[in-house]
Amino acid sequence: MVAGTLRLDYTDVRPDCNPALRPICSYENPHLVRVLYRLSLRLSGVLPRQLRQMYANEGPLQKVIKPFIVQVKEDVLEEGALLLNLRHFASYRFIFYSCVIFFLSYLCSINPIYVVTCFGLAIGAMVFASSIVAAN
């Protein structure tokens with residue numbers, strides 16, 4: 001506490017609700033949070049079996065993926081359903097680092113589309129590998 005004010009970092013407050021439904025914080029882009037929430041609802045409705053397999057298994061890959069999958073307690077989806085939480089990508093910190101990566105790729109004469117494609121392929125490979133591990 002400095003001069004009568006309490007400074008909270010985003011790691012200090014941990015609500016006991018669905019992380020996708022918590023109030024929009026000052027370190028998040030409100031429009032991007034809403035768009036990513038709608039996208040996560042659609043993806044969770046389309047991929048329920050794959051999300052359940054990734055959530056149930058234990059391993060190094062699942063430790064990376066589990067923060068992005070939350071179990072629903074409210075009535076957004078049916079009780080106990082899994083929701084893909086994409087809210088991490090709406091923080092200004094993530095947006096800043098993404099812009100830095102694109103700028104550095106531009107300076108190094110690497111096509112930014114190549115960087116996006118590699119990032120998408122890496123995420124796709126992680127999801128595919130976790131589904132193979134889940135099938136075994």
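Here the structure is shown first, and the text comes after it.
Residues numbered from 1 in each chain as written. Predicted model: local features only at pLDDT ≥ 70, side-chain atom pairs only at ≥ 80, totals over all residues. Heavy atoms only, no water.

S.K.: Looking at this model, I keep getting lost on unusual backbone geometry. Mind explaining?
M.R.: Backbone phi values are negative for most residues with the exception of glycine, while trans is the configuration of most peptide bonds. The phi torsion at Ser109 lies on the positive side, around 60°, for a residue other than glycine. Note that Ser109 resides in the loop between helix H4 (92-107) and helix H5 (112-135). Assessed through its relative accessible area of 68%, Ser109 is described here as exposed. (Helix = DSSP H or I, 4+ residues; strand = E, 2+ residues; numbered from the N terminus. Buried < 20%, exposed > 50% of the residue type's maximum accessible area, 1.4 Å probe, protein only.)

S.K.: Looking at this structure, I do not really get empty space enclosed by the protein. What am I missing?
M.R.: By rolling a water-sized probe across the atoms, one finds the places where empty space is left. For the structure shown, the criterion picks out one cavity of 30 Å³ or more. Taken as a whole, the largest cavity encloses approximately 50 Å³ of empty space. Lining of the largest cavity is provided by Ala20, Val33, Leu36, Tyr37, Ser40, Asn85, Leu86 and Arg87. Residues of the lining of the largest cavity, tallied by class, amount to five nonpolar, two polar and one charged. (1 Å grid on protein atoms, 1.4 Å probe; cavity = no way out; pocket = protein on both sides within 12 Å on 5 of 7 lines; lining within 4 Å. Points joined across faces, edges and corners; volume = space filled by probe spheres on them. Nonpolar A, V, L, I, M, F, W, Y, C, P; charged D, E, K, R; others polar.)

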